[in-house]
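Results of the structural survey
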Amino acid sequence: MLKIFLFVYGLFIVQACSNLNPHAVSVNGKIPAKQMSVTLVHEHVLVDFIGADKISGNRYDQDEAFTIILPHLKSLYQKGCRTLIECTPQYLGRDVALLKRLSDSSGVQIFTNTGYYGASGEKFLPASILNQTAEDLAKSWILEAREGIDGTSIRPGFIKLGVDDLPFSTSILKILKAAAITHNATGLPIAVHTSKGGKPALEELRLLTEDGVPAGAWIWVHAQNEKDITYHIEAAGKGGWVEFDGIDNSNTEEYIGILHKMKASKLLHRVLISQDAGWYNVGDAGGGNFRNYNSIFDSFIPALLKSGFTEKDIELLLVENPANAFAINR
Ligand SMILES: [Zn+2]
């Protein structure tokens, strides 16, 4: 009897602890969300824009890509960054074996994703989507989340979608519903590349919440495409994540202006920042012009501090918010 009691009590403790310790999923498996530390939430290491009908891992030399990308990640590690969220979806060059090699060699924890990218006129959606239901799609994404991607045991840390403008097509409605089903089954957060600003973003949020997804599991990717701050305030006020992710050395003032407005609205705790930098571009000789990941560390943080943001604000933007956005609370 006592044994049974201890066993049940033990299970209760394990359950309680796992709830108290949200985790996240890197290409090396489950980690405590706290371990993410300084994080870039939206970057790329390799992208292939050839289109879903022609894409293949044979279109590039993985060893060459590895050699070209690795120094950029090593440099990032030296600057104090510990996690890079790799946002390249399936049919756009997602290569999880390459991501794991790069993570193991650089020390930077890397997250990959499941889901479909329906932006860019749906060029990166496979033709098979026409014959599949949202439930069919969700089934394959949940399988990736539970068992691994492309025959590996590497699992996604989030769901990545892409959408253009309203009105949403049948395929876009399908991927949004599939993401909701996948979230409800796995707890994975849903990051949605949103090409056209606030109206489609708020519609995504409405549709997802209608299907049972909490606002805090939704990330509005490329929120900077919307110039009217009232949309950002509304999305963040509803509990969503608003991601300003195109920072480079030329637009520091613009991003600082946005962040000041979000802080003045007491919504900095719903804001994510990143650079959308990288990447080895398949099809270009040597991967083309790789944009390094250094801007946030070399110029943006010093400029933020100079403009009145505190060390605590920077910790919020680069450590606490990413850990909360990518935590899986189950
Ligand atoms: Zn991107």
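As the structure is a computational prediction, the values presented were derived from the model and not from experiment.

**What to know about the overall build of the protein chain**
Per the secondary structure count, the protein chain includes 10 helices and 13 strands. By the compact-globule yardstick of 20 Å for 330 residues, the protein chain fits well, its C-alpha radius of gyration being 20 Å. A principal-axis box enclosing the C-alpha atoms of the protein chain has dimensions of 70 × 50 × 45 Å. Here the protein chain holds 330 residues, and the buried ones make up 55% of them.

**Details of the coordination of the zinc ion**
Protein coordination of the zinc ion is provided by His42 (NE2), His44 (NE2) and Asp276 (OD), with donor distances spanning 2.1 to 2.3 Å. Counting the intervening residues between successive donors of the zinc ion yields the motif H-x1-H-x231-D. Placement of the pair is His42 in strand β3 (residues 39-43) and Asp276 in the loop between β12 (271-273) and β13 (280-281), with a sequence separation of 234 residues. What makes His42 buried here is its relative accessible area of 1%. For Asp276, a relative accessible area of 19% gives the class buried.

**Quick word on the environment of Asp150**
Checked against the element boundaries, Asp150 lands in the loop between α4 (134-147) and β8 (158-163). Sequence-wise, Asp150 and Val38 are 112 residues apart; in three dimensions their C-alpha atoms are separated by 29 Å.

**Regarding helix α5 (residues 170-186)**
Across its 17 residues, α5 extends 24 Å between first and last C-alpha, which sits within 8% of the 24 Å expected from 1.5 Å per residue. Where α5 is buried, its residues meet α4, β8, β9 (190-194) and α6 (198-210). Positive phi appears at Gly187, one or two residues downstream of α5, with a value of about 85°.

**Some points on the side chain of Gln275**
Tracing the backbone through its elements, the reader meets Gln275 in the loop between β12 and β13. In this view, Gln275 contacts Leu40, His42, Glu43, Asp245, Gly246, Ile247, Arg291, Tyr293, Asn294, Ser295 and Ile296; residues no more than four positions away in its chain are not counted.

**A look at helix α7 (residues 229-237)**
Taken residue by residue, α7 has Ile229, Tyr231, His232, Ala235 and Ala236 as its buried positions. Looking down the long axis of α7, one finds its buried residues gathered within 155° of arc, a one-sided arrangement. At the C-terminal side of α7, Gly239 shows a positive phi close to 100°.

**Things to note about the packing of helix α8 (residues 252-264) against helix α9 (residues 295-306)**
Relative to each other, α8 and α9 sit at 50°, their axes nearing to 10 Å. Put simply, α8 runs oblique to α9. In this structure, α8 meets α9 at a crossing whose hand is right-handed. Taken together, the residues of α9 that come into contact with α8 (itself represented by Thr252, Tyr255, Ile256 and Leu259) are Phe300, Ala303 and Leu304. Residue composition of the contact of α8 with α9, grouped by class: six nonpolar, one polar and no charged.

**So, the packing of aromatic side chains**
All told, the structure shown has nine aromatic pairs when counted by the stated rule. With 5.6 Å between their ring centres and 90° between their planes, Phe290 and Tyr293 make a pair best called edge-to-face. Residue classification places Tyr293 among the buried positions, given a relative accessible area of 0%. What links up through ring pairs into an aromatic cluster is the set Phe49, Tyr117, Phe124 and Trp279. It is Arg101 that lies over the ring of Phe66; its NZ or CZ is 4.2 Å from the centre.

**Some remarks on unusual backbone geometry**
The linkage connecting Leu166 with the following residue, Pro167, adopts the cis geometry, with an omega of -5°. Put simply, Gly278 and Trp279 share a cis peptide bond, and its omega is -15°. Mapped onto the fold, Trp279 is located in the loop between β12 and β13. Located in the positive-phi region is Ser120, a residue other than glycine, with phi close to 55°. Mapped onto the secondary structure, Ser120 falls in the loop between β7 (113-114) and α4. Phi is positive for Glu122, which is not a glycine, with a value near 65°. Mapped onto the elements of the fold, Glu122 is located in the loop between β7 and α4. Taking the relative accessible area as the measure of exposure, Glu122 reaches 27% and is therefore partly exposed.

Rules used throughout
- Residue positions are given per chain, counted from 1 along the sequence in the order it is written.
- Reporting in this predicted model follows two pLDDT cut-offs: at least 70 for local features of residues, and 80 or more for side-chain atom pairs to be given and counted; totals over whole chains, interfaces and linings ignore these cut-offs and use all residues.
- Here the side-chain values reflect all heavy atoms present in the structure, with hydrogen atoms and water set aside.
- Helix numbering and strand numbering both begin at the N terminus, where a helix is a DSSP run of H or I of at least 4 residues and a strand a DSSP run of E of at least 2.
- For the radius of gyration, the atom set is restricted to C-alpha positions; the globular benchmark scales as 2.2 Å times the number of residues to the power 0.38.
- Three exposure classes are used, based on accessible area relative to the maximum for each residue type with a 1.4 Å probe and protein chains only: buried under 20%, partly exposed in between, and exposed over 50%.
- The rule for donors is simple: N, O or S, within 2.8 Å of the metal, or within 3.2 Å if the metal is Na, K or Ca. Water isn't counted, so a site may look like it is missing partners.
- Each residue after the first adds 1.5 Å to the expected span of a helix.
- Contacts between residues were defined by any pair of non-hydrogen atoms, one from each residue, lying within 4.5 Å.
- Arc, as used here, means the arc of the directions from the helix axis to the C-beta atoms.
- All axes are obtained by fitting lines to C-alpha atoms, using only the stretch in contact for helices, and the reported angles, taken between N-to-C directions, cover 0 to 180 degrees.
- Angular relationships are summarised with four words: roughly parallel below 35 degrees, roughly antiparallel beyond 145, roughly perpendicular across 65 to 115, and oblique for the angles in between.
- Crossings are assigned a handedness: left-handed for a near helix turned anticlockwise from the far helix by less than a right angle, right-handed for a clockwise turn.
- Each residue gets one of three labels, nonpolar for Ala, Val, Leu, Ile, Met, Phe, Trp, Tyr, Cys and Pro, charged for Asp, Glu, Lys and Arg, and polar for the others, Gly among them.
- Working definition: rings of Phe, Tyr and Trp (its six-membered ring) pair if their centres are within 6.5 Å, and the pair is stacked with planes under 30 degrees apart, edge-to-face with planes over 60 apart, and tilted otherwise.
- Lysine NZ or arginine CZ positioned within 6 Å of the ring centre and within 35 degrees of the ring normal marks a charge as sitting over the ring.

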